[in-house]
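Commentary on secondary and tertiary structure
Letter by letter, the chains look like this.
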Amino acid sequence: MSVLEKIDSEAIIALENKYGAHNYHPLPVVLSKGEGVFVWDVEGNKYYDFLSAYSAVNQGHCHPKIIDAMLHQAKTLTLTSRAFFNDRLGPYEQYLTKYFGFDKVLPMNTGAEAVETALKLCRKWAYEVKGIPEDKAEIIVCDGNFHGRTTTIISFSNDENARKNFGPYTAGFIKIPYDAIDALEQALQSTQNIAGFLVEPIQGEAGVFTPADDYMIRAKALCHKYNVLFIADEIQTGIARTGSLLAVCGNCTCENHCEKQNTYVAPDILILGKALSGGVYPVSAVLANDAIMNVIKPGQHGSTFGGNPIAAAVAIAALEVVVEENLAKNARVLGKLFRSKLNQYIQTSAIATLVRGRGLLNAIVINDTEESDTAWNICLALRDHGLLAKPTHGNIIRFAPPLVITEMQLLDCVAIIIKTLRQFEK
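All residue numbers here refer to positions counted from 1 along the written sequence of the relevant chain. Restriction of local features to residues with pLDDT of at least 70 applies here, the model being predicted, together with a cutoff of 80 or more for giving and counting side-chain atom pairs; totals for whole chains, interfaces and linings are based on all residues. Processing note: side-chain calculations cover all non-hydrogen atoms of the structure and skip hydrogens and water entirely.

**Considerations on the sheet that holds strand β13 (residues 387-388)**
Here is the rule we go by: Strand pairing follows a simple DSSP-based rule, namely that at least 2 bridges must link the two strands. Only DSSP runs of H or I covering at least 4 residues are called helices, and only runs of E covering at least 2 are called strands; the numbering of each starts at the N terminus. It only takes one pair of heavy atoms within 4.5 Å for two residues to be counted as in contact. For every element, the axis is a line fit to its C-alpha atoms; helices are fit only across the contacting stretch, and the angle between N-to-C directions ranges from 0 to 180 degrees.
One open sheet holds the 4 strands; their spatial order is β1-β2-β3-β13, and the pairing between them is mixed. Whereas interior strands pair on both sides, the edge strands pair on one side only; in this sheet they are β1 (31-35) and β13. Sheet analysis places strand β3 (residues 46-49) next to β13, joined by 2 bridges and oriented parallel. Residue pairing for β13: Asp 49 is matched across the bridge by Leu 388. Contacts from helix α14 (residues 407-423) reach β2 (38-41), β3 and β13, with the element oriented near 100° to β3.

**Remarks on unusual backbone geometry**
As a reminder of what qualifies: Between buried and exposed lies partly exposed: a residue is buried under 20% and exposed over 50% of the maximum accessible area for its type, with that area taken using a 1.4 Å probe on protein chains only.
The omega angle of the peptide bond from Gly 167 to Pro 168 is 5°, so this bond is cis rather than trans. Topologically, Pro 168 is positioned in the loop between α7 (160-163) and β6 (173-176). A positive phi angle is found at Ser 81, which is not glycine, with a value near 65°. A relative accessible area of 23% places Ser 81 in the partly exposed class. Despite not being glycine, Asn 227 has its phi angle at roughly 55°, a positive value. As for its placement among the helices and strands, Asn 227 is situated in the loop between α9 (215-225) and β8 (229-233). What makes Asn 227 partly exposed here is its relative accessible area of 41%.

**Considerations on the nonpolar core**
Rules: Residues enter a nonpolar core if they are buried and are Ala, Val, Leu, Ile, Met, Phe, Trp, Tyr or Cys, with the set joined through side-chain atoms within 4.5 Å.
Phe 50, Tyr 92, Phe 100, Phe 197, Phe 230, Leu 387 and Phe 399 are the most contacted members of the largest nonpolar core, which has 100 residues in total. The element best represented in this core is helix α11 (residues 309-324), accounting for 11 residues. If sequence neighbours within four positions are ignored, Phe 230 has contacts with Phe 197, Val 199, Met 216, Ala 219, Lys 220, Cys 223, Val 248, Val 265, Pro 267, Asp 268 and Ile 269. One finds Leu 119, Ala 137, Ala 288 and Met 293 within the second-largest nonpolar core, a separate group that totals 29 residues.

**With respect to the environment of Pro 211**
Checked against the element boundaries, Pro 211 lands in the loop between β7 (194-199) and α9. For the pair Pro 211 and Lys 75, spaced 136 residues apart in the sequence, the C-alpha separation amounts to 45 Å. Filtering out sequence-adjacent residues up to four positions away, Pro 211 remains in contact with Tyr 178, Asp 179, Pro 201, Ile 202, Met 216 and Arg 358.

**Details of the sheet that holds strand β14 (residues 390-392)**
With respect to topology, 4 strands assemble into an open sheet ordered β11-β12-β15-β14, the strand pairing being antiparallel. Looking along the sheet, the strands with just one partner apiece sit at the ends: β11 (352-358) and β14. Neighbour-to-neighbour, the strand axes of this sheet turn through a mean angle of 30°, independent of strand direction. Examined bridge by bridge, β14 and strand β15 (residues 396-399) share 3 bridges and lie antiparallel to one another. The partner of Thr 392 across the bridge, within β15, is Ile 396. The sheet contacts of helix α12 (residues 327-346) involve β11, β12 (361-366) and β15, and relative to β11 the element is tilted by about 165°.

**Observations regarding α11**
Short version of the rule: By this rule the span expected of a helix is its residue count minus one, scaled by 1.5 Å.
Spanning 16 residues, α11 covers 23 Å between terminal C-alpha atoms, matching the ideal 22 Å at 1.5 Å per step. Among the 16 residues of α11, 13 are classified as buried, and the element is accordingly described as predominantly covered. At the C-terminal side of α11, Asn 326 shows a positive phi close to 50°.

**A word on the pairing of β15**
Here β15 shows two buried faces, one formed by Ile 396 and Arg 398 and the other by Ile 397 and Phe 399. Across 4 bridges, β12 lies against β15 in antiparallel orientation. Across the sheet, residue Val 365 finds its bridge partner in β15, namely Ile 396. As consecutive antiparallel partners, β14 and β15 are separated by 3 residues, and within that stretch His 393 has a phi angle of approximately 55°, a positive value.

**Thoughts on the packing of aromatic side chains**
Put simply, the test is: Any Phe, Tyr or Trp ring, taking Trp's six-membered ring, that has another such ring centre within 6.5 Å forms a pair; planes under 30 degrees apart are called stacked, those over 60 apart edge-to-face, and the others tilted. Over a ring means this: the NZ of a Lys or the CZ of an Arg is within 6 Å of the ring centre and within 35 degrees of the ring normal.
Applying the stated criterion across every chain, the model contains 10 aromatic pairs. A centroid spacing of 4.4 Å and a plane angle of 45° characterise the contact between Phe 156 and Phe 173, whose relative ring orientation is tilted. Pair noted here: Phe 156 is in the loop between α6 (151-154) and α7 and Phe 173 is in strand β6, with a separation of 17 residues, a long-range link. Pair check on accessibility: Phe 156 and Phe 173 agree, each one buried. Through pairs of rings, three or more aromatic residues link up here, namely Phe 38, Trp 40 and Tyr 48. Sitting over the ring of Phe 38, Lys 46 keeps its end group 4.1 Å from the ring centre. Above the ring of Phe 209, the side-chain terminus of Arg 356 is found at 3.9 Å from the ring centroid.

**Section: the pairing of strand β9 (residues 269-272)**
On β9, burial covers both faces: Ile 269 and Ile 271 on one face and Leu 270 and Leu 272 on the other are all buried. Bridging between β8 and β9 involves 3 bridges; their strand directions are parallel. By the bridge assignment, Ala 232 is partnered in β9 with Leu 270. Sheet analysis places β9 next to strand β10 (residues 284-288), joined by 4 bridges and oriented antiparallel. Across the sheet, residue Leu 272 finds its bridge partner in β10, namely Ala 285.

Rendered as structure tokens:
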């Protein structure tokens, strides 16, 4: 059989099951096309995408401007490695740093790579600037975190499914409860060897846990007090997803971050990925000011593909789309509408107990245990009604459509979700 021969969904799923590692459990739908907020399967069925590749496709599937930037660069120069300069990286670095208000950027490819880069940068700063004794630096993290699945990252994860039988684990991390300022201060006071505090402004994978409005600004203030780096992992929450350019902006209505807004929290290290790529090419980045970033010298960190010409061209286009199409405002306005409509339904629902989130990163909690298959079955029913979403932590369903969604489309999706939930009411 030719690999180009058209085959149906069942056959394609069978191929993955036979020849691919079983490290994912996908919803049984085989997609072959995407445009804007919609995707189509190989049989031609059309769906609303309410996952957005875990917020990588904030600008919508196959956005013409982003695709054009990728194709143009791909026909010109794809890769030089960092052994040489290329004509795209410098302009991209200038654009990105000015866009987010930092002195320097260290370009990488994937989110996990960017987190690892931030951890290394934080530790090196701790030894060479703060003066922590070598190999003694510790980084505070939060329970329920999700920063990736490398060996170092799973070392401070609570997810036993990601951890079990992958040890020995990397030392040097202190875990505290999320959204608990007192616990953070106690950890900061416990030793002089704290280098940084790594935190998600909203814990997406944990079920879209949104902290108190003042949590980020208070956490940053404590880090400043104890001379500890505040590291914001905005891989999933950044690039307009939560209604502001960055989730650390809290409920700020400014379209770009602005230090005049008292809700803005400037991270010492900012980690970006996913939507930085527009969903078309792996792009991630770590941003910091000179006092931190200058500890990295030639040969101490790098990536063959990090900062390649295609990534640079794609990321600039992806960020331009966010501004040109007012995606932060759209996420903010439609997110409020989404939660309002679902909250009205939940007041009389037995199957759904809670809706939470910010902007267009939201989740509903299903009235069943994490071990149950109720949320999975609801997602199968949503698929049958033309909407794709997926559970997280068993009884929570995350809803994160592309930010280009219109009000009419959102209301159509709310109707689909409510109709589906009604099927499961007892």
